[in-house]
Amino acid sequence: MSGAGRIPPERVVRAVAGLGVTAAVTYAAPSVATLRHLRMRVLPVLAGVGAPDHVALTFDDGPDPASTPLFLEVLAELDIRATFFVLGTMLERAPGLAQRMADAGHELAVHAWDHRPMLLRGPQSTYRQLRRTRDLITAVTGREPRFARPPHGILSAGFLVAASRLRLVPVLWTAWGRDWTSTATPLSVLATLAPELRGGGTILLHDSDCTSAPQAWRSALGALPELAARCHELGLRVGPLAEHGIGPQLCTVPGPARAGWAGRAGYRLVQASGYRE
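### Observations regarding the side chain of Thr174
Then step 1. Topologically, Thr174 is positioned in the loop between β5 (169–170) and β6 (175–176).
Then step 2. Given the relative accessible area of 3%, Thr174 is considered buried.
Then step 3. At 2.9 Å, the side chain of Thr174 and the backbone nitrogen of Thr202 are in polar contact.

Right under this line is the structure:
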């Protein structure tokens with residue numbers, strides 16, 4: 001080939017590098033939903049906005065034999081059921097506790113197999129994480145989970161594709177208690193939740209300290225009675241996501257992404273009450 005017909009190697013390198021950056025940005029693009037106020041305006045179903053007379057109570061990171069049974073006791077006293085986003089590693093160690101949770105009427109949902117951020121995983125690893133956790137929940141409780149929430153609340157295109165394939169509805173939250181820190185107390189949890197405590201909201205708390213400060217879960221546990229009382233004063237029902245009025249939110253993607261390369265294809269969130277492309 002003549003010199004005039006050759007593509008300089010440096011142009012090839014730049015082109016490949018550009019494609020890699022584009023794929024990485026596309027794969028990480030859904031992580032902007034981590035910005036709570038943005039997702040509440042643009043993607044309300046993803047944020048967990050549901051029925052205006054209902055508050056969804058959710059917990060992450062269990063089931064933990066050291067703490068979750070105490071949450072079950074308090075919730076039983078308050079006559080409240082909740083949604084627990086479980087880690088597969090924790091569920092595998094305490095299947096009997098998970099069965100007890102389900103028998104008490106609580107809803108188990110998919111967090112992941114472990115707590116590593118999904119942005120650090122490729123599409124296939126992400127899919128295996130969600131599928132393995134979903135299958136274990138189903139095997140232990142006899143009930144197939146409906147909802148999924150990524151560790152740290154950080155989405156990726158791979159997570160959305162995997163959730164779609166597994167028929168799981170991604171749900172984050174509208175309010176959290178910042179109950180994972182070493183300085184958290186029941187009063188600080190209530191004060192943090194207060195500005196966003198309203199009908200249609202989804203509350204995030206933690207029933208385990210496996211990924212947070214030791215004993216941090218005590219702050220959430222101590223806040224539950226007053227939290228329930230405040231919701232009652234506002235005329236709000238408190239319960240699991242299954243009763244929150246969130247419809248079937250689907251993550252639909254073009255053919256190439258379904259084939260496994262989510263970074264190339266991107267994603268679309270389709271939901272009745274939110275974003276339209």
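### Some remarks on the pattern of salt bridges
Then step 1. In total, this model carries seven salt bridges according to the counting rule given.
Then step 2. With a shortest N-O distance of 3.1 Å, Arg237 and Asp53 are connected by a salt bridge. With Arg237 in strand β8 (residues 237–239) and Asp53 in the loop between α3 (44–47) and β1 (54–60), this residue pair connects regions lying 184 residues apart in the sequence.
Then step 3. Judged by relative accessible area, Arg237 falls into the partly exposed class, the value being 39%.
Then step 4. Classification of Asp53 by relative accessible area gives partly exposed; the value is 37%.
Then step 5. Here Arg230 makes a salt bridge to Glu226, at a shortest N to O gap of 3.1 Å. Placement of both Arg230 and Glu226 in helix α10 (residues 217–233) is noted, with a separation of four residues, approximately one turn of the helix.
Then step 6. Judged by its relative accessible area of 35%, Glu226 falls in the partly exposed class.

### A short note on the confidence of the model for the protein chain
Then step 1. Residues at a pLDDT of 70 or more form 74% of the protein chain, whose mean pLDDT is 82.
Then step 2. Confidence drops under pLDDT 50 across residues 1–7; counting only partners more than four residues distant or on other chains, this segment forms two contacts.
Then step 3. Contacts for the low-pLDDT stretch residues 11–33, under 50 throughout, to residues beyond four places or in other chains number 33 contacts.

Conventions adopted
Residues numbered from 1 in each chain as written. Predicted model: local features only at pLDDT ≥ 70, side-chain atom pairs only at ≥ 80, totals over all residues. Heavy atoms only, no water. Helix = DSSP H or I, 4+ residues; strand = E, 2+ residues; numbered from the N terminus. Buried < 20%, exposed > 50% of the residue type's maximum accessible area, 1.4 Å probe, protein only. Polar contact = N/O pair within 3.5 Å; in protein donor to acceptor, adjacent residues only side chain to side chain. Salt bridge = Lys/Arg side-chain N within 4 Å of Asp/Glu carboxyl O. pLDDT = per-residue confidence, 0-100. Contact = heavy atoms within 4.5 Å.

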